[in-house]
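# Analysis of the macromolecular model
Each chain, letter by letter, is given below.
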Amino acid sequence: MATALSEEELDNEDYYSLLNVRREASYEELKAAYRRLCMLYHPDKHRDPELKLQAERLFNLVHQAYEVLSDPQTRAIYDIYGKRGLEMEGWEVVERRRTPAEIREEFERLQREREERRLQQRTNPKGTISVGVDATDLFDRYEEEYEDVSGSGFPQIEINKMHISQSIEAPLTATDTAILSGNLSTQNGNGGGSINFALRRVTSAKGWGELEFGAGDLQGPLFGLKLFRNLTPRCFVTTNCALQFSSRGIRPGLTTVLARNLDKNTVGYLQWRWGIQSAMNTSIVRDTKTSHFTVALQLGIPHSFALISYQHKFQDDDQTRVKGSLKAGFFGTVVEYGAERKISRHSVLGAAVSVGVPQGVSLKVKLNRASQTYFFPIHLTDQLLPSAVFYATVGPLVVYFAMHRLIIKPYLRAQKEKELEKQRESTATDILQKKQEAEAAVRLMQESVRRIIEAEESRMGLIILNAWYGKFVNDKSRKNEKVKVIDVTVPLQCLVKDSKLILTEASKAGLPGFYDPCVGEEKNLKVLYQFRGVLHQVMALDSEALRIPKQSHRIDTDG
């Protein structure tokens, strides 16, 4: 059975952009666009042999685009598979008798098959490395009588605990998954580890079950059972039963969580835990596009507490988040605040300051790299010292901004340039061909554009004075970057009809007379035009729909 082609394998030619029509264009719209381009590129309209040859090539390209898009079956295949889905010899993608809806159903089925094959190859590794650092000597120094100890002139910073955990998943079938996990821990010279094996089965669309077996050097064998079930579309329950064998006997444990969606963004939880540390917990979590809010209350042995936390999500490219929380209970009170930010495509760096009684002051640094987490809790002092709070707050900010400016930003810029250069090299031949086709199209448009301008001038209509397409640099911070634009005045004027210019919501690089002057970079279209004797100007994004003239484009010349 044939499989769908990936987006990278699809041909660069966009038939919709070539005809300047919407992807939802009707047959009548396609026909009108086709007729107009045929009049422009018809070989019989050009006597010069070179122009005639160029016109014939562009005419055939327009005709091919119309042939594909005007037929419902080939159009559906093109929408899904791209141009190569139509051109590959000896490959019948689908039966030609099928309707567009049936073709899309076939595509979705093939996608599911690909997803299942991808599932079989996925191990989904997850890991955590935690390194605890004792830096209390920075702020809580020994008394003077101890200063004669060797090396006491410098603060003693020690690693007092470490924890490493790793897990992998091995899909056995579409419903069964095996999970293998293990961990190693050490603290103040003592350590241990454990290994666990779990088998999860999805029983239905509403639930799954999981059997777990484990063993370790500090504790005996572990047998567990986890169950998940959707009770209603808005309510679910999870149950975890465990039997821990040790030298003191069998220790049973049971945890049950009942959750309900209170609204689209809010979930309420009720948790009951019975065993070594029994407790009842209730919490409400509200998660929106811009914020995350949690309030919780727990009554249990040995800890009972109340918690409230808030996180604000900034809508920037770096996905910056700031958070704060207050936790109070029998153990004391802890205030925590911090922030996290995306530093690369797969990495998120975060830091938080924890201030509590009697815990003291700690700094927690966390780096998420794909599915791996690196966590560094640094204990600064057992007392509430303003100096420790100040340095724990200001220190990470200074280090981050210095690293971002001197290391992260230059590295990301170099990586981006490297990717762009690689993309340019892979598309150099195709871009050269597109450039030649665009230049040929502009030469073929000259006579038609002259007639269009004469007609528009006679009725004080739409005249394109200048038009540029490509990369513009207006930001002073990017002054070292090069402007990469091409003149598209003639192609745009050629698209003017009845004093109107309409561009669809698609990349303009596919329009007649256009090509991509800066592959992989952000592009804009800047147009200076005259309508009814008045100057207008507009700048549009590459894939933004554009309709001119508009009153909002008018240039105010009163000043």
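Residues numbered from 1 in each chain as written. Predicted model: local features only at pLDDT ≥ 70, side-chain atom pairs only at ≥ 80, totals over all residues. Heavy atoms only, no water.

Taking an unreviewed UniProt entry as the reference, the protein chain is identified by name as DnaJ homolog subfamily C member 11 belonging to Loxodonta africana. Regarding the protein chain, the UniProt comment filed under Sequence similarities (unreviewed entry) reads as follows: "Belongs to the DNAJC11 family." Word for word, the UniProt comment on the protein chain under Subcellular location (unreviewed entry) is "Mitochondrion outer membrane". (UniProt positions renumbered as here; feature names shortened; annotations may be inferred.)

A count of helical and extended segments in the protein chain gives 8 helices and 23 strands. By sequence separation, contacts in the protein chain at least 24 residues apart represent 44% of the contacts at least 6 residues apart. For the protein chain, the accessible surface area stands at approximately 34,400 Å², while carbon and sulfur atoms represent 56% of it. (Helix = DSSP H or I, 4+ residues; strand = E, 2+ residues; numbered from the N terminus. Contact = heavy atoms within 4.5 Å. Areas by Shrake-Rupley, 256 points an atom, 1.4 Å probe, with all protein chains shown as cover.)

Counted by the stated rule, this structure contains 10 aromatic pairs. For the pair Trp208 and Phe228, a centre-to-centre distance of 5.9 Å together with 15° between the ring planes defines the contact as stacked. On the criterion of sequence distance, the pair formed by Trp208 in strand S5 (residues 207–216) and Phe228 in strand S6 (residues 222–232) is long-range, its members being 20 residues apart. Judged by centre distance (5.3 Å) and plane angle (80°), the ring pair of Phe390 and Tyr391 falls under edge-to-face. What makes Tyr391 exposed here is its relative accessible area of 53%. In this structure an aromatic cluster arises from ring pairing among Phe139, Phe390 and Tyr391. We note Lys327 situated over the ring of Phe305; from NZ or CZ to the ring centre the distance is 4.4 Å. (Phe/Tyr/Trp six-rings, centres within 6.5 Å; stacked < 30°, edge-to-face > 60°. Buried < 20%, exposed > 50% of the residue type's maximum accessible area, 1.4 Å probe, protein only. Lys NZ or Arg CZ within 6 Å of the ring centre and 35° of its normal.)

To continue, consider the side chain of Glu210. Relative to the assigned elements, Glu210 resides in strand S5. Judged by its relative accessible area of 5%, Glu210 falls in the buried class. In this structure the side chain of Glu210 is engaged in a polar contact, spanning 2.8 Å, whose partner is the side chain of Arg200. Leave out the neighbours within four places in its chain, and Glu210 touches Ile179, Ala198, Leu199, Arg200, Gly224, Leu225 and Lys226. (Polar contact = N/O pair within 3.5 Å; in protein donor to acceptor, adjacent residues only side chain to side chain.)

A word on the sheet that holds strand S18 (residues 462–471). Taking strand neighbours across the sheet as the criterion, the 4 strands line up as S19-S18-S21-S22 in an open arrangement whose pairing is antiparallel. The open sheet terminates on both sides in strands that have one partner only, identified here as strand S19 (484–487) and strand S22 (534–541). Between one strand axis and the next, the sheet turns by 20° as a mean value, whatever way the strands run. Looking at chain direction, S18 and strand S21 (residues 524–531) are connected through 8 bridges and run antiparallel. Note on S21: the bridge partner recorded for Leu462 is Phe531. (Pairing = 2+ DSSP bridges. Axes fitted to C-alpha atoms, helices over the stretch in contact; angles between N-to-C directions.)

Turning next to the nonpolar core. Core analysis: the biggest nonpolar cluster contains 30 residues, and Leu19, Val21, Leu30, Tyr41, Val62, Leu69 and Met445 have the highest contact counts within it. Of all elements in the fold, only helix H1 (15–19), helix H2 (27–41), helix H3 (49–70), helix H7 (386–458) and helix H8 (489–494) reach the threshold of two or more residues within this core. With 9 residues, the top contributor of residues to this core is H3. Shared between two domains, this core holds at least three residues of each, these being domain 1 (7–88 + 96–117) and domain 3 (427–553). (Core = buried A, V, L, I, M, F, W, Y, C linked by side-chain atoms within 4.5 Å. Domains from an automatic or database assignment.)

Locating Glu521 in the fold gives a position in the loop between strand S20 (501–503) and S21. Taking the C-alpha atoms as reference, Glu521 lies 8.6 Å from Gly470; in sequence the two are 51 residues apart. When near neighbours in sequence (up to four residues on either side) are disregarded, Glu521 contacts Leu420, Arg424, Lys471 and Lys484. At 2.7 Å, the side chain of Glu521 forms a polar contact with the side chain of Lys471.

With that settled, consider H7. A rise of 1.5 Å per residue sets the reference length of H7, with its 73 residues, at 108 Å; its end C-alpha atoms lie only 78 Å apart and thus fall more than 12% short of the reference. If you look at H7, its biggest bend is around 60°, right at Ala428. Positive phi shows up at Met460, right after H7, with a value of about 55°. (Expected span 1.5 Å × (residues − 1). Bend = angle between axes of the 7 residues up to and from the residue.)

All right, on to the pattern of salt bridges then. If you walk through the whole model with that rule in mind, you get 14 salt bridges. The closest approach of N and O atoms between Glu336 and Lys364, which form a salt bridge, is 3.1 Å. Placement of the pair is Glu336 in strand S14 (residues 332–342) and Lys364 in strand S16 (residues 360–369), with a sequence separation of 28 residues. The exposure class assigned to Lys364 is partly exposed, which follows from its relative accessible area of 28%. Measuring nitrogen to oxygen at the nearest pair gives 3.6 Å for the salt bridge that ties Glu447 to Arg451. Of this pair, Glu447 and Arg451 both sit in helix H7, separated by 4 residues, roughly a single helical turn. (Salt bridge = Lys/Arg side-chain N within 4 Å of Asp/Glu carboxyl O.)

Turning our eyes to something else, we now look at the packing of H2 against H3. Put simply, H2 and H3 touch, their axes get as near as 10 Å, and they point 170° apart. The orientation of H2 relative to H3 falls into the category roughly antiparallel. When H2 is examined against H3, the residues Tyr27, Leu30, Lys31, Tyr34, Leu37, Cys38 and Tyr41 are found in contact with a partner set consisting of Ala55, Leu58, Phe59, Val62, His63, Tyr66, Leu69 and Ser70. Across the contact of H2 with H3, the residue classes break down as 12 nonpolar, 2 polar and 1 charged. (Parallel < 35°, antiparallel > 145°, perpendicular 65-115°, else oblique. Nonpolar A, V, L, I, M, F, W, Y, C, P; charged D, E, K, R; others polar.)

Further remarks concern the pairing of strand S10 (residues 279–287). Bridge count for strand S9 (residues 266–274) against S10 is 8 bridges, and the pairing is antiparallel. What sits directly across from Gln271, in S10, is Asn281. Counting the residues that bridge the hairpin from S9 to S10 gives 4 residues, and of these Gly275 lies at a positive phi of roughly 150°. Looking at chain direction, S10 and strand S11 (residues 291–300) are connected through 9 bridges and run antiparallel. Each residue of the ladder has a partner; that of Arg286, found in S11, is Phe293. The antiparallel pairing of S10 with S11 creates a hairpin that spans 3 residues between the two strands.

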